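Summary of structural features
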Amino acid sequence: MPAPQKKRQYIPVQSEHTKVRSQGRKRELNAPLAIGTLIVLAVFVPSSWGWHYFQVSLQTRTILARARELVEEKEFQRSLRFFQQYIVTQPENVDVRIEYAEAMDEVGKANPNKKRNAVNAFARVLGMAPNHLKSKIRYAELLMQLGESESALKTADEILDKQTEHAAALRIRAIAMLDRGVDDRASPDMEVRLAAEKAIR
């Protein structure tokens, strides 16, 4: 007796018309989704970045305002922390670095052990703004106070190269030369006497 034949599963044949219609439906469903996604990204990404920038900018302005308030209140030591936080986010802001160095200088006046910190702060300022005269003068004065007469003399000479009669620079130069006791360009006594005379005129 012959074995019974297995029935083949019926698989409907998809016509070309049905395929095209099906593919068309897929494109119709995906296109709006893709366009919608692009629109959301185009709006959301710039908005998120702008909001983040606004928040950071607001925070840094608040930090700087607080640092300046503390300086006005003569709370120089406390102001340093806020200046430092601001400088971390805005390291190229020379004006704020000058304010920070001046606050550090005030701290050094009350605590001589911290004068070196003020010297370093002014050195950073001059690295960014080498012609800032007020910072340069104070930098030289601090160097003298720390006993670094050679560096102070060099700084004073840099100022005098551009402003030959600058009183503060002449004074620093005279004191530095007295401290050193020797000058390469002329006899020590004569050079010191001339510098001292100019400084006290």
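Quick summary incoming for the structure in this document. Small disclaimer: the values here were computed from a predicted structure and weren't measured. (Residues numbered from 1 in each chain as written. Predicted model: local features only at pLDDT ≥ 70, side-chain atom pairs only at ≥ 80, totals over all residues. Heavy atoms only, no water.)

**Quick notes on helix α7 (residues 167–180)**
Cut-off, in case you're wondering: Secondary structure is summarised from DSSP: a helix means a run of H or I of at least four residues, a strand means a run of E of at least two, and numbering begins at the N terminus for each. How far a helix is expected to stretch is found by multiplying one less than its residue total by 1.5 Å. Burial here depends on accessible area, computed with a 1.4 Å probe over protein chains only, as a share of the maximum for the residue type. Under 20% is buried, over 50% is exposed, and the range in between is partly exposed.
For α7, spanning 14 residues, the distance from its first C-alpha to its last is 20 Å, which sits close to the expected 20 Å at 1.5 Å a residue. For α7, the set of buried residues is Ala168, Ala169, Leu170, Ile172, Arg173, Ala174, Ala176 and Met177.

**Notes on the pattern of salt bridges**
The cut-off we apply is this: Salt bridges are defined as contacts in which a side-chain nitrogen from Lys or Arg sits within 4 Å of a carboxyl oxygen from Asp or Glu.
The tally for this structure, following the rule as stated, stands at 10 salt bridges. Glutamate 102 is paired through a salt bridge with lysine 134; the nearest N and O atoms lie 3.5 Å apart. With glutamate 102 in helix α3 (residues 94–110) and lysine 134 in helix α5 (residues 133–145), this residue pair connects regions lying 32 residues apart in the sequence. Since its relative accessible area comes to 58%, lysine 134 is described here as exposed. Here aspartate 105 and arginine 138 are joined by a salt bridge, their closest N and O atoms 2.6 Å apart. Of this pair, aspartate 105 sits in helix α3 while arginine 138 sits in helix α5; the two residues are 33 residues apart in sequence, bridging distant segments of the chain.

**Some remarks on the layout of surface pockets**
To keep things clear, this is the line we draw: Using only the protein atoms, space was sampled on a 1 Å grid; points where a 1.4 Å probe fits but cannot get out form cavities, open sets with protein on both sides within 12 Å along at least five of seven lines form pockets, and lining residues are those with an atom within 4 Å of a point. Grid points are joined across faces, edges and corners, and a volume is the space filled by probe spheres set on the points. Under the grouping applied here, Gly and all other residues not named as nonpolar or charged are polar, the nonpolar ones being Ala, Val, Leu, Ile, Met, Phe, Trp, Tyr, Cys and Pro and the charged ones Asp, Glu, Lys and Arg.
Here the second largest pocket defines a volume of roughly 180 Å³. Surrounding the second largest pocket, Arg68, Val71, Glu72, Phe76, Phe83, Glu99, Glu102, Ala103, Asp105, Glu106, Lys109 and Arg138 form its lining. Of all the secondary-structure elements, those providing two or more residues to the lining of the second largest pocket are α1 (16–72), α2 (76–89) and α3. The element that contributes the greatest number of residues to the lining of the second largest pocket is α3, accounting for 6 residues. Class assignment of the residues belonging to the lining of the second largest pocket gives a composition of 4 nonpolar, no polar and 8 charged.

**Re the packing of helix α6 (residues 149–162) against α7**
Our working definition: Fitting a line to C-alpha atoms yields each axis, with helices limited to the stretch in contact; the angle taken between N-to-C directions then spans 0 to 180 degrees. Note on terminology: angles under 35 degrees are roughly parallel, angles over 145 are roughly antiparallel, angles of 65 to 115 are roughly perpendicular, and the others are oblique. Each crossing gets its hand from how the near helix is turned against the far one by less than a right angle, where anticlockwise is left-handed and clockwise is right-handed. By definition, residues are in contact when any of their heavy atoms lie within 4.5 Å.
Where α6 contacts α7, the two axes come as close as 9 Å, and the packing angle between them is 150°. Viewed along their axes, α6 and α7 adopt a mutual orientation that is roughly antiparallel. Crossing handedness for the pair α6 and α7: left-handed. Residues Ser149, Glu150, Ala152, Leu153, Ala156, Asp157, Ile159 and Leu160 of α6 form the contact with α7, whose participating residues are Ala169, Leu170, Ile172, Arg173, Ala176, Met177, Asp179 and Arg180. Taken together, the residues that form the contact of α6 with α7 break down as 10 nonpolar, 1 polar and 5 charged.

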